[in-house]
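Residues per chain are reported as follows:
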Amino acid sequence: MDKTAARAAHDIRVAFSRLRRRLRENYGSGDLTPSQTSVLSRLDKDGEASVSDLAALEGIRHQSIATTVGVLVERGLAARRPDPEDGRRQLIFVTDDGRAFLDERRRAGEGWLAQVLETQCTEAERRTLIEAAAVLERVVRR
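Residues numbered from 1 in each chain as written. Predicted model: local features only at pLDDT ≥ 70, side-chain atom pairs only at ≥ 80, totals over all residues. Heavy atoms only, no water.

*Asks:* How should I be thinking about the nonpolar core in this particular structure?
*Replies:* Within soluble globular proteins, side chains that are nonpolar generally end up buried alongside one another. Within the largest apolar cluster, 17 residues are counted, with the highest numbers of intra-cluster contacts made by Leu40 and Leu54. Going through the elements one at a time, α2 (34–46), α3 (51–58), α4 (62–74), β2 (86–94) and α5 (96–120) are the ones with two or more residues in this core. Here leucine 54 is in contact with Val39, Arg42, Leu43, Ala49, Ile65, Val69 and Ile92, once residues within four sequence places are set aside. (Core = buried A, V, L, I, M, F, W, Y, C linked by side-chain atoms within 4.5 Å. Buried < 20%, exposed > 50% of the residue type's maximum accessible area, 1.4 Å probe, protein only. Helix = DSSP H or I, 4+ residues; strand = E, 2+ residues; numbered from the N terminus. Contact = heavy atoms within 4.5 Å.)

Next up, the structure:
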């Protein structure tokens, strides 16, 4: 493997891990676990899904996802409805309160990051980050 590819892979992984941790610190948990937040975010991004689908997508046991979904429904962040194609299944979806919760977290995280970038980086560095983000986006879409 090319040394620069290996170095870039390592540096990016470490930087993203630290950034993810700092973002979590700054947007707060809203009393949700990382698993609950992940499920809610997935539903917001991908649309409604059954508990079985969520378990497969999240790589978590059905029983664990059912518990996670139960908490989200109890808090009013998600809701259930019958699957129109299979009356035995329930589909889980994000409620308006769930979307508002996620939007607030995203705003808080991006606000913190924008402030740090403004105070600790030059204009040229911020432009470099924008270009690097575009490259990373291209890499993850392959």
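*Asks:* Sorry, what's going on with the packing of helix α1 (residues 3–27) against α5 here?
*Replies:* Two numbers describe a pair of packed helices, the interaxial angle and the distance between the axes. Two elements in contact, α1 and α5, have axes whose closest approach is 8 Å; the angle formed by their N-to-C orientations is 115 degrees. Note on packing geometry: the crossing formed by α1 with α5 is right-handed. For the pair formed by α1 and α5, the contact residues are Leu19, Arg22, Leu23, Asn26 and Tyr27 on the first element and Arg105, Ala108, Gly109, Trp112 and Leu113 on the second. Each residue belonging to the contact of α1 with α5 can be placed in one class, and the counts come to six nonpolar, two polar and two charged. (Axes fitted to C-alpha atoms, helices over the stretch in contact; angles between N-to-C directions. Left-handed = near helix turned anticlockwise from the far one by under 90°. Nonpolar A, V, L, I, M, F, W, Y, C, P; charged D, E, K, R; others polar.)

*Asks:* So what exactly am I meant to see when it comes to the side chain of glutamate 58 here?
*Replies:* Position of glutamate 58 among the secondary structure elements: in helix α3. Exposure remark for glutamate 58: the relative accessible area of 17% places this residue in the buried category. Side-chain polar atoms of glutamate 58 contact the side chain of serine 38, separated by 2.7 Å. If we skip the residues at most four places from it in the chain, glutamate 58 touches Ser38, Val39, Arg42 and Ile65. (Polar contact = N/O pair within 3.5 Å; in protein donor to acceptor, adjacent residues only side chain to side chain.)

*Asks:* Would you mind showing me how to read α3 here?
*Replies:* Structural remark: α-helix, 3.6 residues per turn; residues separated by three or four positions point the same way. Among the residues making up α3, those that are buried are Val51, Leu54, Ala55 and Glu58. Projected down its long axis, α3 shows its buried positions confined to an angular sector of 100 degrees, all on one face. Against α2, α4 and β2 lie the buried residues of α3. Trailing α3 by a residue or two, glycine 59 shows a phi angle of about 70 degrees, which is positive. (Arc of directions from axis to C-beta.)

*Asks:* Whenever I open this one, α5 confuses me. Can you help?
*Replies:* A rise of 1.5 Å per residue sets the reference length of α5, with its 25 residues, at 36 Å; its end C-alpha atoms lie 36 Å apart and thus fit the reference within 8%. Within α5, burial applies to Gly98, Phe101, Leu102, Arg105, Gly109 and Trp112. (Expected span 1.5 Å × (residues − 1).)

*Asks:* How should I be thinking about the pattern of salt bridges in this particular structure?
*Replies:* Any two side chains of opposite charge can pair, so long as their charged atoms come close to each other. A complete count under the given rule lists 16 salt bridges for this structure. The salt bridge partner of aspartate 44 is arginine 99, with a shortest N-O separation of 3.4 Å. Here arginine 99 lies in helix α5 and aspartate 44 lies in helix α2, a separation of 55 residues in the sequence. Classification of aspartate 44 as partly exposed rests on a relative accessible area of 23%. Between aspartate 53 and arginine 89 there is a salt bridge, with its nearest N and O atoms 3.8 Å apart. Separated by 36 residues along the polypeptide, aspartate 53 in helix α3 and arginine 89 in strand β2 bring together distant segments of the chain. Residues joined by salt bridges that share partners form a network here, namely Arg42, Lys45, Asp46 and Glu58. (Salt bridge = Lys/Arg side-chain N within 4 Å of Asp/Glu carboxyl O.)

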